[in-house]
Amino acid sequence: MASRADPSDTGGRRDWRDVARDAADLALLGILLTLAAVPLLTAAAAAGTASAAVHDWTRTGSWPSARTNVRRFGRAVLPGVPVSLLALAGAALLVADLAALASGRVPGGTAALLVTALIAAGLAGYAGLVVVEVGGNEGGQWRASARSAARACLDAPTRWAALTGVVALAGLLTVLVTPVAVPILAGYTVAALHAVTIRRPVPVAVAGRGELP
């Protein structure tokens, strides 16, 4: 994967070639993420490693080396097995609940279906933030990342809502696009989650001086 930090012929300005290179890098990331998650029990390790790679890329402009990615993945496989099982079980229960409500096998009607869908979307947004937090922890430390994500959701509900929107859009696109494109979409989704959580400083005039920091 290429580096965004490399000097270009345009005096540091990005052109279409840089955008195309970033798109190709994220597509490759999504494909590798999907392949690494195929055994299912390695899904958490794959997501954490991909998130750590995007974290490095968004902060430094450079992708980590293949050796670094392999090391992170290998170190995260065993600790990530319970996380993978928990995520798969939770997703299966929510899908089963939504299917039962939609088919009418469970009482509650449209109101219960809507509430359950909102809860599922909120949990998906929270899970997306956990993945981002794990990326900042070298692809591991799921328990600490989960606690940090919970605090962040309560402190910034709008960011939580934005993350929920990203995950919901990714889910919708997964249904709409051809199955071959789903792995590519995975890389873009991880990058979008990181983009939403990046805090950008807002210039504020210094009181009484009218200066900007």
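Below, the structure is looked at part by part.

Calculation criteria
- Residues numbered from 1 in each chain as written.
- Predicted model: local features only at pLDDT ≥ 70, side-chain atom pairs only at ≥ 80, totals over all residues.
- Heavy atoms only, no water.
- Helix = DSSP H or I, 4+ residues; strand = E, 2+ residues; numbered from the N terminus.
- Buried < 20%, exposed > 50% of the residue type's maximum accessible area, 1.4 Å probe, protein only.
- 1 Å grid on protein atoms, 1.4 Å probe; cavity = no way out; pocket = protein on both sides within 12 Å on 5 of 7 lines; lining within 4 Å.
- Points joined across faces, edges and corners; volume = space filled by probe spheres on them.
- Nonpolar A, V, L, I, M, F, W, Y, C, P; charged D, E, K, R; others polar.
- Patch = residues over 30% accessible without salt bridge, like charges linked within 9 Å, V, L, I, M, F, W, Y side chains within 5 Å.
- Areas by Shrake-Rupley, 256 points an atom, 1.4 Å probe, with all protein chains shown as cover.
- Salt bridge = Lys/Arg side-chain N within 4 Å of Asp/Glu carboxyl O.

The backbone phi angle of L40 is positive, close to 70°, even though this residue is not glycine. Turning to its location among the elements, L40 is positioned in the loop between helix 1 (16-37) and helix 2 (43-60). Exposure remark for L40: the relative accessible area of 46% places this residue in the partly exposed category. At E138, a residue that is not glycine, the phi angle is positive and equals roughly 65°. In this fold, E138 is placed in the loop between helix 4 (109-135) and helix 5 (142-155).

On to the layout of surface pockets, then. Its volume calculated, the largest pocket comes out at about 1700 Å³. Taken together, 39 residues make up the lining of the largest pocket; nearest its centre are A87, A91, A127, G128 and V131. When contributions to the lining of the largest pocket are tallied by element, the ones reaching two or more residues are helix 1, helix 2, helix 3 (66-103), helix 4, helix 5, helix 6 (157-176) and helix 7 (182-197). Here the lining of the largest pocket takes 10 residues from helix 3, the largest share from any one element. Here the lining of the largest pocket is composed, by residue class, of 31 nonpolar, 7 polar and 1 charged. Roughly 350 Å³ of volume is contained in the second largest pocket.

All right, on to the environment of Q141 then. Note on placement: Q141 falls in the loop between helix 4 and helix 5. With 93 residues separating them in the primary sequence, Q141 and G48 have C-alpha atoms 9.4 Å apart.

What follows concerns a nonpolar patch on the surface. On the surface, a cluster of nonpolar side chains totalling about 450 Å² of accessible area is made up of L28, I31, L32, L35 and V38. With respect to the secondary-structure elements, V38 resides in the loop between helix 1 and helix 2. For V38, a relative accessible area of 55% puts it in the exposed group.

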